[in-house]
Amino acid sequence: MTFRIERSERQGFSVFTLSGRMETEQVTELKELARAAGVLTPHILDDHRHLTQRETALVLQKTGLSPLGPLACNTAAPDEGNMYLLGKVGSDFLKQRFLNPLIEGRCRSAFFMSEPADDGGAGSDPSMMKTTAVLNGGQWVINGRKAFITGAQGARVGIVMAKSREGACLFLVDLPDPAILIERVPNTIDNSMPGGHAVVRITDLKISPEQMLGKSGEGFTYAQVRLSPARLSHCMRWLGACLRAQEIAVDYANRREAFGKVLVDHEGVGFMLAENVIDLKQAELMIDWCADVIDTGSLATAESSMAKVAVSEALMRVADRCVQVMGGTGVTDDTVVEQIYREIRAFRIYDGPTEVHKWALAKKIKRDWKASVA
């Protein structure tokens, strides 16, 4: 299915109608336009230097104003998180072979961690990982299945997590590879990410030792480097999307009349838009707070969990109110509000559902209490 972009003028504002999933050809075209405009991969500077998280927040919020923005500007998930990880801990060899093409916008990537529930594999709990890595004849041989692998279809770079005798490992691989079979790409509620969220089977994938990130058994340590910034970058992009949804809803409420006055003058509508302003500002401040913590060098595991919960739940409320304010128009694709609502609903699950983050925070609360009374 192709991803069509149609521009029109409706009810006084520009509308981009999006349908299907974005294909590689359209993404490439968007990136070339961004390259010509000087806004491709704006969050990474020379020599693989990454903007601070506070600076990144400003950039990703702006690119998030349209579902096309992160794709065009090369700030989309999972590429943004993968570039961050490789820039931080990748060897010179890995940076040259895998990171540079990503920064240049020449290809897409995928992060192979989650596994199918029907196999009893890893989801929110990575310790359940069943994908194996065995050193055999000087090469690593990987076998297993992965699920919900965003962008796997059409990706050229893969980061594969597997379990060796020493523990979790991360490997960089060139894609496509005949040992990696895409079994299916399920239909999902969201459609802004190229390649969808695939179920993948890995059979006797052979990888040279130099393509391992770090050493055998250090995979979880390196994954933690990626974890908090990736959680937060989701918040940044979708804050931009909800700012756009609010803008459209406000415009609609100030133009549409019912019962003798414009909608915004009805308290029920005006209050919803006011509540959105509050939620949007709280989300922005939560992002900035967590960004500052990461910028100190902290892994910010607990802080990013708090930010992910607070921002995803707040933005869900914002998107829902925007749909409600716009009534029937809000549930059509006449505006991007309907798509933003669907994308935000999926965001509440990406990088850990709300409930998993609350559970992790509760465990930390218990640990801190025990330490305080010991």
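Note: the structure precedes this text.
We now turn to the structure provided with this report.

The rules behind each value
Residues numbered from 1 in each chain as written. Predicted model: local features only at pLDDT ≥ 70, side-chain atom pairs only at ≥ 80, totals over all residues. Heavy atoms only, no water. Helix = DSSP H or I, 4+ residues; strand = E, 2+ residues; numbered from the N terminus. Polar contact = N/O pair within 3.5 Å; in protein donor to acceptor, adjacent residues only side chain to side chain. Phe/Tyr/Trp six-rings, centres within 6.5 Å; stacked < 30°, edge-to-face > 60°. Lys NZ or Arg CZ within 6 Å of the ring centre and 35° of its normal. Buried < 20%, exposed > 50% of the residue type's maximum accessible area, 1.4 Å probe, protein only. Contact = heavy atoms within 4.5 Å. Salt bridge = Lys/Arg side-chain N within 4 Å of Asp/Glu carboxyl O. Axes fitted to C-alpha atoms, helices over the stretch in contact; angles between N-to-C directions. Parallel < 35°, antiparallel > 145°, perpendicular 65-115°, else oblique. Left-handed = near helix turned anticlockwise from the far one by under 90°. Pairing = 2+ DSSP bridges.

### With respect to the side chain of Thr335
Part 1: With respect to the helices, strands and loops of the structure, Thr335 is situated in the loop between α8 (301-330) and α9 (337-347).
Part 2: Polar contacts involving the side chain of Thr335 include one to the main-chain amide nitrogen of Val337, which spans 3.2 Å.

### A short note on the packing of aromatic side chains
Aromatic ring pairs are defined here through the distance separating the ring centres and the angle between the ring planes.
Part 1: Per the counting criterion, the structure on display carries 3 aromatic pairs.
Part 2: Members of the aromatic cluster, joined through ring pairs, are Trp238, Phe347 and Tyr350.
Part 3: In this structure, Arg226 is placed above the aromatic ring of Phe111, and the distance from its NZ or CZ to the ring centre is 4.3 Å.
Part 4: Sitting above the plane of the Phe347 ring, Lys308 keeps its charged end 5.1 Å from the centroid.

### Concerning unusual backbone geometry
Part 1: With an omega of 0 degrees, the peptide bond between Ala77 and Pro78 qualifies as cis.
Part 2: In this structure, Pro78 sits in the loop between α3 (69-73) and α4 (79-89).
Part 3: With an omega of -5 degrees, the peptide bond running from Leu175 to Pro176 counts as cis.
Part 4: With respect to the element layout, Pro176 can be found in the loop between β7 (168-174) and β8 (180-184).
Part 5: Backbone geometry at Asp204 places phi at a positive 50 degrees, although glycine is not the residue there.
Part 6: In this structure, Asp204 sits in strand β9 (residues 197-207).
Part 7: Taking the relative accessible area as the measure of exposure, Asp204 reaches 41% and is therefore partly exposed.
Part 8: Unlike most non-glycine residues, Ala300 shows phi in positive territory, near 55 degrees.
Part 9: With respect to the helices and strands, Ala300 occurs in the loop between α7 (267-295) and α8.

### Re the environment of Trp140
Part 1: Among the secondary structure elements, Trp140 is positioned in strand β5 (residues 139-150).
Part 2: Take Trp140: its relative accessible area is 8%, and that puts it in the buried class.
Part 3: Taking the C-alpha atoms as reference points, Trp140 and Ile207, 67 residues apart in sequence, are found 5.1 Å from one another.
Part 4: What Trp140 contacts, discounting residues up to four positions off in sequence, is Ala133, Val134, Leu135, Ser164, Phe171, Leu205, Lys206, Ile207, Pro209, Met212 and Ser216.

### Comments concerning the pattern of salt bridges
Part 1: For the structure on display, the rule yields 19 salt bridges.
Part 2: Note that Arg321 and Glu275 form a salt bridge whose closest N and O atoms lie 3.2 Å from each other. One end of the pair, Arg321, is in helix α8; the other, Glu275, is in helix α7, and 46 residues separate them in sequence.
Part 3: Via salt bridges that share partners, Asp118, Asp119, Arg145, Glu183 and Arg201 belong to a single interconnected network.

### A few points about the packing of helix α6 (residues 219-255) against α7
Part 1: α7 packs onto α6 with a crossing angle of 160 degrees between their chain directions and a minimal axis gap of 10 Å. One way to sum up the angle between α6 and α7 is to call them roughly antiparallel. As α6 packs across α7, the resulting crossing turns out to be left-handed. Seen from α6, the contacting residues are Ser228, Pro229, Leu232, Cys235, Met236, Leu239, Cys242, Leu243, Gln246, Ala249, Val250 and Ala253; seen from α7, they are Val269, Leu273, Asn276, Val277, Leu280, Ala283, Glu284, Ile287, Cys290, Ala291 and Ile294.

### Remarks on the pairing of β7
Part 1: Extensive coverage of β7 is indicated by the burial of 6 of its 7 residues.
Part 2: The pairing of strand β6 (residues 157-163) with β7 spans 7 bridges and is classified as antiparallel. Within β7, the residue paired with Lys163 across the bridge is Ala168.
Part 3: As consecutive antiparallel partners, β6 and β7 are separated by 4 residues, and within that stretch Gly167 has a phi angle of approximately 135 degrees, a positive value.

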